[in-house]
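# Working through the structure, step by step
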Amino acid sequence: MNIFEIIQKKKQSKPLTRQEIDFMVEGFCNGTVSEGQMAALLMAICINGFNREETASLTLAMAGSGDVLDFSGRDWVIADKHSTGGVGDKLTLTVAPMCAILGVSMAKMSGRSLGHTGGTIDKLEAIPGFKVDLPNEVLMDILGRVGLFIASQTANLAPADKVIYALRDSTATVDSPALIASSIMSKKIAAGAGAIVLDVKVGSGAFMKTLEEARNLAQIMVDIGKDCGRKVSAVLTAMDAPLGNAVGNGVEVLEAVEVLQNKGPADIRELSVELTAQILSLAKGVEESVARDLAEGVLQNGSAYEKFRQMVEEQGGNLEGITSKAPHKITQLKAPQTGHIVQMYGEICGMVAHKTDGIIFHKKLGDYVVEGQTLADVYLSEFSDEDNILESLSKAYTIATEKPLAAPLIYEIIR
């Protein structure tokens, strides 16, 4: 077996075997397959595609290239939840403690900000003292006592994916659905969960801009999970406007806490309940309507909040130490005219938020506004370029006379 023959085979649109895929992944990691050869193979995959079996094989090869968390022999029901990335998406912070209270342990390995989207680890690091890099034995101890942890992905979790992704990024081969799906799922498989719920975002603030793109990616990931012996479902959710009212690390943590205390924005609450219900249904076989009632219950009685607080303390954090605003100044974005907000570009909101210490949106998609009314509070540091930031944020809004049709928050569920 040699890499030249494998490249030639995929160039001719022929499917690769599991052994050939293992050979190419291992070879690239140990240096016997060069960057040029792997780049040629990735381009052939992008052009000619991977079938279902090839995609599952690539996922398993990357997942097995490093540490694989093993929960066998433990009396734990382990689940995971993954988002494809959105603006204002703090759902891991709400869903994980909700599931833990309901008897599903969440061993959550999360990532940092990518592009215009926020990262769960960045949000948690806004909590003073919170440790995201803990040894596996410490995390396992926390999981056993608390029922959840949220930590950063270790350097040796699917390391093959990291080096292959870096090459994809430099060779214009990022946008292959099979490569995207296998990249995501390799880390989920390596993290050891038996049940995985995927929150696949759709819209201007998501990487998947259309429902068709999102549905295709979701189906591939669900198929991968099943082929790798996992229980998987995907929830397609709207991501045109930011989720909730807060965008930015510290303010998003505070908004997640509000939801866990039975307050907060309706969209975050609705998705928290739905994703928790999907996890309960997959992991424990709970009927979905019953699972939704249970999820609502742990918000209403405050137990999910207490579970989140417990996790924060176990990982060294001080929840009381987080602040909701920048130490220097706050400015406001005003409505330029009267009318309904008919469009709100989530990607612009996310990009602007990265230049601030947080944004609180008071008016969002579908709302009626009066000229001069405050659309958003923007927290700025001392050295922020206030005028440019406000001008950029204003481009996220389109205001017109007619009220837009209401759009669903949840499009569909793929199992």
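Residues numbered from 1 in each chain as written. Predicted model: local features only at pLDDT ≥ 70, side-chain atom pairs only at ≥ 80, totals over all residues. Heavy atoms only, no water.

### A closer look at the state of the cysteines
For clarity, the threshold we go by: Any two cysteine sulfur atoms within 2.5 Å of one another count as a disulfide. Accessible area is worked out with a 1.4 Å probe on protein chains only. A residue is then buried under 20% of its type maximum, exposed over 50%, and partly exposed in between.
Applying the stated criterion across every chain yields a total of zero disulfides. Not part of a disulfide, C46 finds its nearest cysteine sulfur in C29, a span of 18 Å. The exposure class assigned to C46 is partly exposed, which follows from its relative accessible area of 24%. The thiol sulfur of C228 is not disulfide-bonded, and the nearest other cysteine sulfur, from C29, lies at 17 Å. Take C228: its relative accessible area is 11%, and that puts it in the buried class.

### Section: the nonpolar core
Put simply, the rule is: In plain words, nonpolar cores are sets of buried Ala, Val, Leu, Ile, Met, Phe, Trp, Tyr and Cys residues tied together by side-chain atoms within 4.5 Å. Working definition: helices are DSSP H or I runs of at least four residues, strands are E runs of at least two. Numbering for both runs from the N terminus. Two residues qualify as a contact provided that any one of their heavy atoms is within 4.5 Å of a heavy atom in the partner residue.
If you look at the biggest cluster of nonpolar residues, it comprises 113 residues, and the most contacted ones within it are I127, F149, F308, F361 and L393. Broken down by element, this core gets its largest block of residues, nine residues, from helix 12 (residues 266–284). Non-local contacts of F149, meaning those with residues more than four positions away in its chain, are made with M106, A107, K108, M109, L139, M140, I142, L143, M311 and Q315. Core analysis: the next-biggest nonpolar cluster, separate from the first, contains 23 residues, V33, M38, L167 and A178 among them.

### Observations concerning the sheet that holds strand 12 (residues 397–400)
The line we're drawing: Strands are labelled as partners when DSSP assigns at least two bridges between them.
Read from one edge to the other, the open sheet built from three strands follows the order 10-8-12, with strand pairing classed as antiparallel. On the outer flanks of this sheet lie strand 10 (368–369) and strand 12, each paired with one strand and no other. Here two bridges tie strand 8 (residues 339–344) to strand 10, and the two strands are oriented antiparallel to one another. Residue pairing in the sheet places H340 in a bridge with Y368 of strand 10.

### As for the environment of I121
You can see I121 is positioned in helix 6 (residues 120–124). Classification of I121 as buried rests on a relative accessible area of 0%. Along the chain, I121 and K131 lie 10 residues apart, while their C-alpha atoms are 9.6 Å from each other. Other than its neighbours up to four places away in sequence, I121 contacts S110, G111, R112, V132, A151 and S152.

### A few points about the side chain of D161
Examined against the element boundaries, D161 turns out to sit in helix 8 (residues 159–170). If sequence neighbours within four positions are ignored, D161 has contacts with M62, S183, S186 and K187.

### Thoughts on the packing of aromatic side chains
Two numbers describe a pair of aromatic rings. These are the distance of the centres and the angle of the planes. To keep things clear, this is the line we draw: In summary, the pairing rule links any two rings of Phe, Tyr or Trp, Trp by its six-membered ring, whose centres are within 6.5 Å, and it sorts them by plane angle into stacked for under 30 degrees, edge-to-face for over 60 and tilted for everything else.
The full count for this structure, using the stated rule, is one aromatic pair. When the ring of F71 is compared with that of W76, the centres are 6.2 Å apart and the planes differ by 55°; the resulting orientation is tilted. You can call F71 buried: its relative accessible area is 8%. A relative accessible area of 23% means that W76 is categorised as partly exposed.

### Comments concerning the packing of helix 12 against helix 13 (residues 288–300)
For clarity, the threshold we go by: Between the N-to-C directions of two axes lies an angle of 0 to 180 degrees, each axis being a line fitted to C-alpha atoms and, for a helix, fitted only over the stretch in contact. Should an angle fall under 35 degrees it is taken as roughly parallel, and over 145 as roughly antiparallel, whereas 65 to 115 is taken as roughly perpendicular and any remaining angle as oblique. By convention, the crossing between two helices is left-handed when the near helix turns anticlockwise from the far helix through less than a right angle, and right-handed when the turn is clockwise. Side-chain classes follow a simple rule in which Ala, Val, Leu, Ile, Met, Phe, Trp, Tyr, Cys and Pro form the nonpolar group, Asp, Glu, Lys and Arg form the charged group, and the remainder, Gly included, forms the polar group.
One way to put it is that helix 12 packs onto helix 13 with a least axis distance of 8 Å and a crossing angle of 130°. Judged by the angle between their axes, helix 12 and helix 13 are oblique. Helix-helix and strand crossings are classified by hand; for helix 12 and helix 13 the assignment is right-handed. On helix 13, the residues touching R269, V273, E274, T276, A277, Q278, L280 and S281 of helix 12 are E288, A291, R292, L294, A295, E296, L299 and Q300. Its residues assigned to classes, the contact of helix 12 with helix 13 shows seven nonpolar, four polar and five charged.

### Quick word on the sheet that holds strand 4 (residues 195–202)
Sheet architecture is open: six strands sit in the order 3-2-1-4-5-13, paired in mixed fashion. Edge positions in the sheet fall to strand 3 (148–152) and strand 13 (410–414), since each of these pairs with one other strand and no more. With strand direction ignored, the average angle separating the axes of adjacent strands in the sheet is 20°. Where strand 5 (residues 231–238) meets strand 13, four bridges bridge the pair, whose relative direction is antiparallel. Bridge pairing in strand 13 links T237 to I410. Its contacts with the sheet put helix 5 (residues 91–101) on strand 1 (78–83), strand 2 (105–110), strand 3 and strand 4, and the angle it makes with strand 3 is roughly 150°.

### Regarding the pairing of strand 12
Here strand 12 shows a clear split, with Y397 and I399 buried on one side and none of T398 and A400 buried on the other. The pairing of strand 8 with strand 12 spans four bridges and is classified as antiparallel. By the bridge assignment, Q343 is partnered in strand 12 with T398.

### A look at the environment of G36
In this structure, G36 sits in helix 3 (residues 35–48). The exposure class assigned to G36 is exposed, which follows from its relative accessible area of 52%. Considered as a pair, G36 and P242 are 206 residues apart in the sequence and their alpha carbons are 40 Å apart.

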